[in-house]
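# Reading the structure
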Amino acid sequence: MSEAFEFTKENRQALERILARYPVKRAALLPALHLVQEQHGFVPPEAEQYVSDLLEVPLIDVREVLTFYSLYFREKKGRHHIRLCMSIACWIRGCDGVRDRLEAKLGVEEGGTTSDGRISWEAVPDCLGACEMAPMLQLDGYFHADLTPERVDELLGRLASQSTE
Amino acid sequence: MPEVKLVSEHFGNELARGLKWRLQNGGYEGAKKAMAMSPDEVVEEVTQSYLRGLGGAGFPTGRKWSFVPRDTGKPIYLCVNADEAEPGTFKDRYILEWDPHLLIEGIIICAHALGIETAYIYIRGEYVQPYERLQKAVDEAYEAGILGKKVLGGDVKLDVFIHRGAGAYICGEETALLESIEGKKGWPRLKPPFPAVVGLFGCPTVINNVETISHLPKIILKGGRWFADIGVERNGGTRLFALSGSVNRPGVYELPMGTPLRELIFDRGEGVLGGRKLKAVIPGGASAALLTADEIDAPLDFDSMAKIGTMLGSGAVIAIDESVCIVQTLHNLEHFFSHESCGQCTPCREGTGWVFKILGRIIEGNGRLSDLDTLRSLAENMTGTSICALCDGAAMPLRSCVQKFFHEFEHYIRYKKPYSERREAASA
Amino acid sequence: MPTITIDGQQVNVAPGTTVIQAAEKLGVYIPRYCYHPGLSVAGSCRMCLVEVENMPKLQISCYTQAQDGMKIGTRSEKAIQGRQAMLEFLLINHPLDCPVCDQSGECDLQNFYMEHGRYQSRFMEDKIKRKKAYAIGSHVVLDQERCILCTRCTRFTEEISRTHELGVFSRGNRSVIDLFPGKTLDNPYSGNVIDICPVGALTERQFRFKCRVWYLRQEESICTGCSRGCNIAIHFNPTRRYKAGGRRVQRLKPRFNPEVNSWWMCDYGRFGFEFIDRNRIERPQLGSDHGPQPADWEAALDAAAAAIREAIDEHGPQSVGVIASPQMSNEELFAAYELFHNRLGLTRLALRNPWEEAGPEDELLLKADRNPNAMGGESIGWTEAADALLREAGSGRVQVLFIFRHEFSNAEAIESLNSAAFVIYQGTNWNQTAKTADVVLAGAVHAEKDGTFANFEGRIQRFRQALLPLEDSRADLDILNDLADRLGQPLAFHDAESVFHAWRRMTYSELDEYGMLLTEKSEVGA
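Overview of the structure. Every value quoted in this text rests on a predicted model; they were computed, and no experiment measured them.

What counts and how
Residues numbered from 1 in each chain as written. Chains lettered and ligands numbered in written order. Predicted model: local features only at pLDDT ≥ 70, side-chain atom pairs only at ≥ 80, totals over all residues. Buried ≥ 20, exposed ≤ 12 C-beta atoms within 10 Å, placed from the backbone. Helix = DSSP H or I, 4+ residues; strand = E, 2+ residues; numbered from the N terminus. Pairing = 2+ DSSP bridges. Contact = placed C-beta atoms within 7 Å. Nonpolar A, V, L, I, M, F, W, Y, C, P; charged D, E, K, R; others polar. Arc of directions from axis to C-beta.

With that settled, consider the pairing of strand 4 (residues 205–209) of chain B. Residues and elements named next belong to chain B. Buried residues dominate strand 4, accounting for 5 of its 5 residues. Burial of strand 4 is two-sided: the residues T205, I207 and N209 facing one way and the residues V206 and N208 facing the other way are all buried. The sheet contact formed by strand 1 (residues 77–82) and strand 4 spans 5 bridges and is parallel. Residue N81 lies in a different strand from strand 4, and its bridge partner there is N209.

Size of an interface, as often reported, equals the accessible area lost when the parts are brought together. Between chain A and chain B, the contact holds 43 residues from the first and 49 residues from the second. Mapped onto the side of chain A that touches chain B, the elements with two or more residues apiece are helix 2 (29–40), helix 4 (59–68) and helix 5 (88–92) of chain A. Examining the composition of the side of chain A that touches chain B, we find that 5 residues originate from one element, helix 2 of chain A, more than from any other. Looking at the side of chain A that touches chain B residue by residue, the classes come out as 27 nonpolar, 9 polar and 7 charged.

A few words now on the sheet that holds strand 6 (residues 251–256) of chain B. Residues and elements named next belong to chain B. Taking strand neighbours across the sheet as the criterion, the 5 strands line up as 6-5-11-8-9 in an open arrangement whose pairing is mixed. Looking at which strands have only one partner, the edges of the open sheet turn out to be strand 6 and strand 9 (291–292). As judged from the 4 bridges shared by strand 5 (residues 238–245) and strand 11 (residues 316–321), these two strands associate in the parallel manner. Note on strand 11: the bridge partner recorded for L243 is V317.

The next thing to look at is the environment of Q426 of chain C. Relative to the helices and strands, Q426 of chain C is located in strand 19 (residues 422–427). Sequence separation between Q426 of chain C and V440 of chain C is 14 residues; the distance between their C-alpha atoms is 5.8 Å.

To continue, consider the pairing of strand 22 (residues 459–463) of chain C. Residue and element names in this part refer to chain C. Counting buried residues in strand 22 gives 5 out of 5 residues, a clear majority hidden from the surface. Taking every second residue as pointing to the same face, both faces of strand 22 are buried, with R459, Q461 and F463 on one and I460 and R462 on the other. Pairing analysis gives 4 bridges linking strand 21 (residues 451–454) to strand 22, with the strands arranged antiparallel. Across the sheet, T452 pairs through a bridge with R462, a residue of strand 22.

Now for helix 3 (residues 39–49) of chain B. Residues and elements named next belong to chain B. Here helix 3 has its buried residues at V42, V43, E45, V46 and S49. Projected down its long axis, helix 3 shows its buried positions confined to an angular sector of 160 degrees, all on one face. As for helix 3, its buried residues are in contact with helix 2 (29–36), helix 4 (61–66), helix 6 (100–114), helix 10 (216–222) and helix 11 (224–230). Of the residues one or two after helix 3, Y50 is the one with positive phi, at around 55 degrees.

Printed below as a string of structure tokens:
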């Protein structure tokens, strides 16, 4: 039996502020799921029920929304999450090599998480909107530009030293 | 043609992100002027400016506004489309990151013109830093009394809320965007009714792209005619071009409408990467038909691009050099469309996936020449048969690639390898 | 009123009518998957594409409104090619194993393939694997691989049952219909998703692989589950009973009636047909110390007639009591009233609700009154006075009790029954009351006879005989006729329609397609 999900006091207040922006509660669904993910790292089924109750949205609709959008996670990810852009501009400029290096360095397949739970990564077919930086990736939401296999090594090295600090 | 900086004036200037500096440097002057004008006068200026919808469709902004009924007794909403996700497109991000107050100023002008009291900026979920910067600017504007109960100290109210997407290209489609704000999956709506009449929460709604809205301050300050004169006939002003791919200097360039494509690639982009030859160009985002290197003297404006069978679209120009395989290029593009199809309409849901699989099979060396007939036929069957334009967008590069680079497909199928040798890695 | 031309034929339609509806008025059926007249328009399967003059693209006829002067081609070369393309798309990921699919024979992929199939597939890729046949509720099995994502089922659970069980997860060609994990599809209307699923994605758990649909015959009927009177079709197979555990009736399906049930029916009614083939009183019986013993009709009817005549002769007409039921048809109630009241002059007649508990009621279809003939008995002259009648029986003033289709289970009523000298039971299924009666007359269920019911609002609706009465049971009218003959009061009702005519002064064919209110007829008949 998994534990019930609940917003922290701060997030409860944040949700109240979000609700005030819209004439209907349901419009707060995407922001509410973002909040869940910020708080919990991913959106577990208990949180779907919680949000469903809170916003008076049928549970099935919450699940539809959760699975439709690709930025919501339904399982635990690494403490850091990498999204490597595989779209056209990044591909022209060599994202395949970057992907291979990421996979080799992390030792885990695309979509997976390192065994120490530190880093998860995915190679995304949708353009991340930073083609002038190609090839590029998103680390915890922030962009890293002009990647080469060597720069992947540097980036992962920096992450490792941060984590041990 | 020289760069003309209407919306890109402050790109690269970190100070411009702050309200204080921005106010000292012309910020909100257009909005102040607009508030002193009647709403109809504002609409008239915009109509005269020939400002086109710069998200991709290129619909004249003034006309779009004219469809909004004012007498329904319902609120009118503005949705600013910052769901920039067309592959190759990153121009709106520059406005959001470098000059968010310009966007807010444009929103105030649009709101005044149409009697709008609530605006939502729908920003794609992947844009984390742009969101943070935009949110900071919105907060500043509220604190300074620019937004809120008394806009610019006057007697009208305007709320601006940022609504973050969650990773779905389709939400850049107007009605999918509305669904997404309403807390639903992004399935485009059947039209009519159009959003101008029945839009967000069932109310009249105008949906404009970030760049479109950001052009408003200067149009008001300097006049619609002035703006129109910068561009070419029926394509007013400038436009931000997002240049990427095989060029030496990728980036965002603001150029007058009608600037030749060649100029963007060779003057702004400083030519092709590694001194290689240009093979093809995607002139308006992944949904646009590819142009061959022979076709790049065409002017970059909506009508000229349409004339040569492609589109200006989102202003995303992707250069493809001689070393890049077109079959693989198309495979990459179709992977995107198949991944991003919302799944609602049959031809899109099934067609994009099918095309992607055929191309994958060709690349694996298991292609047949008959696949090319199938691909051409699928491009036809996927055109004009869905609720929205995503499927047409998938068919455009498909049709043009097979047509213009037939020999590359044939080569791949016969010899099980690319016509062009792919570089191992970027050598920028 | 816009006039439009469809395939060369002109038709006038009300403003707002869609092309698909206008075509139907002309008898032109445009293929469709997502469109269902009872649901909101999705416009997504794209199968109903038609050519509209002066429009460059094909248009979906389910959403395109008829405009005056519009010229539509539903079977033009371009329209057919467009639909062929859509069907090809739908089939690329659909299993092509019709011979092992239970939907075979009533599948719209098969049906439209006849005209729109390519016959030579050019899909060489692997089909997408999805979850195969698994139960999603007590009655429904889902096969995601067969699903074409028309979303009729999700719209049904959203808009009609409003129970929100089914949804579309993920997107693109990864889209699937499913439930939230741990939930089931168990609302009172779940069976309707089976009907509206145009393919073999949603099938009926009980019916699956029991009978190929081409072996089924069907007859129009009325659901007897409650007083709504949902219009249904009985699907039966009298010749292959060995395939279905001896059952003749295989399933019930709703029939469209905009005044009563639209396209829908509830699960209680849909799946509550066991009684037709189970626990039936298959032949007349005579009571004995060892319980009821089979008898022939002559003996049973003679015994019943003798008991009635003797009681009337010795104790007067007030010594015979009759308890009728709103489970009986109007025709049966009329004939019984004619015989017992008008001819024999009996005074102790009662109409009694056989159910001790009310059924579930909601805003969609379900009515708390669980009797199909809620209003007919009263208008024929029957009154609700069963309690008094039973008390009189208990006090010994009633010698003979004639009971139609009731089961008395409370102690007081059983005592009353025991006090009566002679109990005649006429009904269809075994119960305690039948088992203790002196004579049991084996009647036919509604599926085995003709007649009408008047539902909760007094709408008279016809049901038709689908099956022969089981074994040696007989239509209740026939039983009453024979009894009347034996009592010297021949009724001369040779069939249900003749009774109906005597009652309503009209024939069955004069009854409207969607039924007629009791009040409507009383003016005509006056």
